[in-house]
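# A structural walkthrough
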There are 4 protein chains.
Amino acid sequence: MTDEPLHELAHLGPHSLFTPDPVGTVRYFVDLLGMDVVAQDGNATYLRAFGDYEAWSLKVIGSDQAGVAWVSWRVTSPQALSRRVDWLESHGHPGGWVPQDRGIGPYYQVPDPDGHVFRLYYETQRYLAPEGKRPVVPTGFQAYTGRGAGVRRLDHVNLLARDVRGCREFWEAGFGLRTWEIVRLPDGVGEAAAWMSSSIQGHELIYTQERTHAHGRLHHFAYLVDSREEVLRAAEIVADARIRIEAGPSRHTAIQGFYLYTREPGGNRIEIANGGYLVFAPDAEPHIWDAQTWKTKPGWGAPLPPEFHLYGTPDVKERSER
Amino acid sequence: MTDEPLHELAHLGPHSLFTPDPVGTVRYFVDLLGMDVVAQDGNATYLRAFGDYEAWSLKVIGSDQAGVAWVSWRVTSPQALSRRVDWLESHGHPGGWVPQDRGIGPYYQVPDPDGHVFRLYYETQRYLAPEGKRPVVPTGFQAYTGRGAGVRRLDHVNLLARDVRGCREFWEAGFGLRTWEIVRLPDGVGEAAAWMSSSIQGHELIYTQERTHAHGRLHHFAYLVDSREEVLRAAEIVADARIRIEAGPSRHTAIQGFYLYTREPGGNRIEIANGGYLVFAPDAEPHIWDAQTWKTKPGWGAPLPPEFHLYGTPDVKERSER
Amino acid sequence: MTDEPLHELAHLGPHSLFTPDPVGTVRYFVDLLGMDVVAQDGNATYLRAFGDYEAWSLKVIGSDQAGVAWVSWRVTSPQALSRRVDWLESHGHPGGWVPQDRGIGPYYQVPDPDGHVFRLYYETQRYLAPEGKRPVVPTGFQAYTGRGAGVRRLDHVNLLARDVRGCREFWEAGFGLRTWEIVRLPDGVGEAAAWMSSSIQGHELIYTQERTHAHGRLHHFAYLVDSREEVLRAAEIVADARIRIEAGPSRHTAIQGFYLYTREPGGNRIEIANGGYLVFAPDAEPHIWDAQTWKTKPGWGAPLPPEFHLYGTPDVKERSER
Amino acid sequence: MTDEPLHELAHLGPHSLFTPDPVGTVRYFVDLLGMDVVAQDGNATYLRAFGDYEAWSLKVIGSDQAGVAWVSWRVTSPQALSRRVDWLESHGHPGGWVPQDRGIGPYYQVPDPDGHVFRLYYETQRYLAPEGKRPVVPTGFQAYTGRGAGVRRLDHVNLLARDVRGCREFWEAGFGLRTWEIVRLPDGVGEAAAWMSSSIQGHELIYTQERTHAHGRLHHFAYLVDSREEVLRAAEIVADARIRIEAGPSRHTAIQGFYLYTREPGGNRIEIANGGYLVFAPDAEPHIWDAQTWKTKPGWGAPLPPEFHLYGTPDVKERSER
């Protein structure tokens, strides 16, 4: 074998949000996004989307402020999990084991360079739909409820980072994530954004620039719907529910995804997303945007509001000191 | 003025279904089609779709068998209503007045030549959305709930008739309905189907051939969704709910509407529909299909199952004696 | 009969654009919007869209500057045409007859109160598709070419007017156009915009405020595609063709239409449009927006750029003196 | 390393069709599917779709009968290509090298167990869009032309095989393709169909049962469009072009892909496709349909015509002797 990083992450797995308004947040995910509650445990609510093969995917935790608790990756095999833990430990990124949680895990937990908590796991629990939730086509995991936006699954996560480049290199070097687009800062060295993936998908993990002194903040989680038409329909649903729409529906320049950005009642930014290109070439190189060209945002798509680049959770007072 | 029939019907209004399974039928319209119950009165349930400007549009009545109770037209003005009643009476189609029902009416009730009960009315009650149902855009009538297929309103009704041509001529002569397509029977005189409208819409009222000795039967009611994509999505919803899909999603040759045919739990055939052409020419003539060409069904669209041409409600044992 | 205005306009008919770049303009309509050239005559090019039942609908005329040459309405009958001409003459709006042009007309030509040239006609020529252009379904007018955005027909026209209210009242009083939305100016009397229609469609004729001293200017023509998905697709097509996108794809608050605004090479603003509500109630009243509420633009949809409210054709230097 | 097969195929690459009507076939791919001709060489025409990152993807070869000439896989690295060739040779599947063809290759050519010609390659040539074909967003490969159905790329290939199971096991054992669905024959051992992929996509390579004595026949190639709405639009385009539609638009039970099957003028079956699920679980097992359940085709979707299961190219007289 070469010393190239192995591609040993399979996909984003369960992830967890903090919210100061757990009732409102759960209602948002259930009534408006169409997810189902599968369990409740103290201040934690476990939810799933109809396209999740695992038992659950989102853990909402009541807390004093909004933000991301942790994000996980399912690793491709037990051996791969050992290898990744070895790499982390041998490269000075020690973490620790977290016991399984409602059938998924144990997890090896480790921070990314910006301090966001990540978890790696292989052992999981498949969802067994109870009577009344069984899909008519047996290759599905759950009947389609047709409630609200009807999100299929988590599509990607976007984290804010003081050092985007450092975070990107951490995942490339240690885990073989591939990067499809990078925005260079005007200094030509630092990076304003990077879009990464463990598979042919255009993006699973995005880092964009943290412009405050904070660490470990969330920009947004994005949930997938099956068509752009469904993103437009989701706009109707959330608008009539008086949920704040921050941007969209429109299309991003990077990865060409079609988006709708909302703020769930707890304050976390949640995207309803469709599309984005797939990358097939095994030797594809990232597209590097220089700061100048990036500003022109070629192609169609509405301009994003300034707050899109500043707001994250937990919210912080200072917003643009850099 | 000429002696041409005046175009004095504005649109299809409230309509009423019989069902032997009122609980199942109401659940179908509420959970799967996304309508709301606005009132309950004995064995009658009043429902509305989010795009209805009137207080309600569908009255489901528990009964021993399925079928259509009545269909109504809103007339363009009080004067027009008088004129239409005069025409009916002077042409030997006497009817009678039915008092208003939950704010809509009074209705002048009269059978069509096949015995289906029709009602004409002008007085109505606009829907005033209560708190929590108010749409964010004030030109809307009701917030979009995003539940199930999310039908906007009744699109058209298809009735079975022994004498399609007689029914068509009744509406043309007395009410100025316009006919956009006619299928001739092999005898070159009788008609197998006719598509009629009070406006630029391709179809509001369809008659197709009754092949049994029954009278007054329903072929289907069709409810509108806003895109073909939503018809496909509706198929997912009803399939997973184990509702029987009789045909579609596909496209009809006549009027070019995109369809999904289901059977609601009470047995009535209900279509989820999108599209169909609009007719702008004030001097448009109906397209007349001869029996031979009609069979070839030019253009794309799946073949319809034989039962599509035989089944109606109430169901009858004999099905193809003609 | 009452003295209410009769509804005697059937639909928008042929319309004509001036352009300083006739080659570029025709190429835009043919290659990007998918229309067909049906005739060329000196500096005039006659085009049609696949959904037009008449022989042609758009006449592009080479000129020194962009703008609208004229817009026409087809009237519902020859008698109605006489009645409308009588009304115009008896109300001090004299016009004159223009001979038929390539099979459509004669037209009675009259300016609206802002000076835009309108034409009324009844006699027309239906399109007979030549071999190779015949649609497979005989109720269609022309085979669907699948070129570019593939617009079906003109959807509406938006004219700039110094006195929006005067224009609106002219069409209501004389022609029975109905108005579905009005934006009041802060003075509570004047109007910033009005959306009018001859049928159940939400808009065929729009007036918005002219903020310069000019008269008779065009805001935009809008061509229909069959779905929002096709509007998004059109954005891809025009963006890759380096046509300027001024706004969208997004949705308007008024009439709820989904839009994409481009500038054709001659400078005229052209919309690719889908949707907008239908109005069924025969006694529907226009929704009146006060200036304050209008500014909040409730519901979803991107903000429009300032130039959207200022630019028209022909372009004028002064743009915001009012 | 374990002795598990390595996943060393990156994606389907160039592929080649035989046609007795090369002019008609090329016109079909250019005018109706929207592909571009990039080169012509004797009786061979090289085409590409706008989403291909490589210089070309389809080679149409004039011949006495229709069918598939060859299909290729791009391998993940030069080392992987060596390893795959070693595996083939050491397992008794010798092939041979074919020189590069218009910048792509060299290829190692080897038959699958049914005799279809496959080619493996790593070296390729990226497409450099000439002026006028450059996409406005630089991460794209080519401007979107908006011609016809506008297919993005090859989606999958479906081959007929006498021994579906043998073919499936060949690709699993030697190349690490993963199988997501299998239809068992009534004998419980043989297989009627298998859906395989090199990535998270639901299907790239499908084998279905050859019911004649022929070998090496093509069932269909499928080209991707970006939405179900575009599949419906494609139906309009091909129907008006009088191309035969064999089935659809509708949805398959297996992989849940939305389809439209046509016959290109040379006789090959070509699908315009959208969708199909993605498989994320690294330990996903194929869903195995027993013959009985498979026949019920749960979920929605039109029945396929009998010929769908019999016709392939080259066509053979005998069609159902098995």
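Residues numbered from 1 in each chain as written. Chains lettered and ligands numbered in written order. Predicted model: local features only at pLDDT ≥ 70, side-chain atom pairs only at ≥ 80, totals over all residues. Heavy atoms only, no water.

### Some details on the relation of the copies chain B and chain C
Under the fitted operation, chain B is carried onto chain C by 0.0 Å of movement along the axis and a turn of 180 degrees, and the coordinates agree to an RMSD of 0.0 Å. Both chain copies can therefore be described as sitting about a two-fold axis. Residue S227 of chain B of chain B places its C-alpha closer to the rotation axis than any other residue of that unit, at 3.4 Å. Most of the interface of chain B is mirrored in chain C: 100% of its interface residues are interface residues there too. (Least-squares fit on C-alpha atoms with pLDDT ≥ 70 in both. Contact = heavy atoms within 4.5 Å.)

### Some remarks on the interface of chain B and chain C
Across the boundary between the two partners, chain B contributes 31 residues, which contact 31 residues of chain C. Counting each side, the surface lost to burial between chain B and chain C is near 2600 Å², with a carbon and sulfur contribution of 71%. On the surface where chain B and chain C come into contact, there are four salt bridges. The shortest N-O distance in the salt bridge between D283 of chain C and R74 of chain B comes to 2.7 Å. Here chain B and chain C share six residue pairs in polar contact (both at pLDDT 80 or more) between them. Secondary-structure elements contributing two or more residues to the side of chain B that touches chain C are β1 (9-19), β5 (67-75) and β17 (287-289) of chain B. (Buried area = accessible area lost by both parts, 1.4 Å probe. Salt bridge = Lys/Arg side-chain N within 4 Å of Asp/Glu carboxyl O. Polar contact = N/O pair within 3.5 Å; in protein donor to acceptor, adjacent residues only side chain to side chain. Helix = DSSP H or I, 4+ residues; strand = E, 2+ residues; numbered from the N terminus.)

### Re the relation of the copies chain A and chain B
For the pair chain A and chain B, the best superposition has an RMSD of 0.0 Å and corresponds to a rotation of 180 degrees with a translation of 0.0 Å parallel to the axis. Most of the interface of chain A is mirrored in chain B, where 100% of its interface residues again form contacts.

### A closer look at the packing of helix α4 (residues 228-240) of chain B against helix α4 (residues 228-240) of chain D
At a closest axis distance of 9 Å, the pairing of α4 of chain B and α4 of chain D adopts a crossing angle of 115 degrees. The orientation of α4 of chain B with respect to α4 of chain D, classified from their angle, is roughly perpendicular. The crossing of α4 of chain B and α4 of chain D is right-handed. In this structure, α4 of chain B uses R228, E229, L232 and R233 of chain B to contact α4 of chain D, whose residues at the interface are R228, E229, L232 and R233 of chain D. Here the residues of the contact of α4 of chain B with α4 of chain D are counted per class, giving two nonpolar, no polar and six charged. (Axes fitted to C-alpha atoms, helices over the stretch in contact; angles between N-to-C directions. Parallel < 35°, antiparallel > 145°, perpendicular 65-115°, else oblique. Left-handed = near helix turned anticlockwise from the far one by under 90°. Nonpolar A, V, L, I, M, F, W, Y, C, P; charged D, E, K, R; others polar.)

### Some details on helix α3 (residues 164-175) of chain A
It helps to recall that an α-helix has 3.6 residues per turn; residues three or four apart then point in one direction. All names here are of chain A. Look at α3: 16 Å from first C-alpha to last across twelve residues, which is about the 16 Å you get at 1.5 Å a residue. Inspection of α3 places V164, G166, C167, R168, F170, W171, G174 and F175 among the buried residues, and these make up the whole buried set. With a side-chain oxygen lying 3.3 Å from the backbone nitrogen of R165, the N-terminal cap of α3 falls on D163. Two residues or fewer past α3, G176 is found with a positive phi of approximately 70 degrees. (Expected span 1.5 Å × (residues − 1). Buried < 20%, exposed > 50% of the residue type's maximum accessible area, 1.4 Å probe, protein only.)

### Concerning the sheet that holds strand β12 (residues 205-209) of chain C
Residue and element names in this part refer to chain C. Taken together, nine strands build an open sheet; the order of strands is β14-β15-β16-β13-β9-β12-β11-β10-β17 and the sheet is mixed. Looking along the sheet, the strands with just one partner apiece sit at the ends: β14 (245-251) and β17 (287-289). Strand-to-strand twist across the sheet, computed as the mean angle between neighbouring axes with direction ignored, equals 15 degrees. Across the sheet, helix α3 (residues 164-175) lies against β9 (153-161), β10 (178-184), β11 (191-197) and β12, angled at about 20 degrees from β11, the strand it touches most. (Pairing = 2+ DSSP bridges.)

### Let's talk about the interface of chain A and chain B
Every contact between the two is made by 18 residues of chain A and, on the other side, 18 residues of chain B. Where chain A meets chain B, there are zero salt bridges. Across the contact surface, chain A and chain B share twelve residue pairs in polar contact (both at pLDDT 80 or more). In terms of residue class, the side of chain A that touches chain B is built from six nonpolar, four polar and eight charged.

### A short note on the packing of aromatic side chains
This structure, assessed with the given rule, holds 84 aromatic pairs over all chains. Geometrically, the ring pair formed by F29 of chain D and Y223 of chain D is edge-to-face, given 5.7 Å between the ring centres and 70 degrees between the ring planes. Pair noted here: F29 of chain D is in helix α1 (residues 22-32) and Y223 of chain D is in strand β13 (residues 218-224), with a separation of 194 residues, a long-range link. Owing to a relative accessible area of 0%, F29 of chain D belongs among the buried residues under this scheme. A relative accessible area of 0% places Y223 of chain D in the buried class. Members of the aromatic cluster, connected to one another through ring pairs, are W73, W87, F118, F170, W171 and F175 of chain A. The ring of Y107 of chain B is capped by R119 of chain B, whose NZ or CZ atom sits 5.0 Å from the centre of that ring. (Phe/Tyr/Trp six-rings, centres within 6.5 Å; stacked < 30°, edge-to-face > 60°. Lys NZ or Arg CZ within 6 Å of the ring centre and 35° of its normal.)

### Observations concerning the sheet that holds strand β5 (residues 67-75) of chain D
Residue and element names in this part refer to chain D. Taken together, eight strands build an open sheet; the order of strands is β2-β3-β4-β1-β5-β8-β7-β6 and the sheet is mixed. A single partner strand is all that each edge strand has here, and the edge strands are β2 (36-41) and β6 (96-98). Taken over all neighbouring pairs, the strand axes of this sheet differ in orientation by 25 degrees on average, direction set aside. Here β5 runs beside strand β8 (residues 117-121); their pairing, made up of four bridges, is parallel. Within β8, the residue paired with S72 across the bridge is R119.

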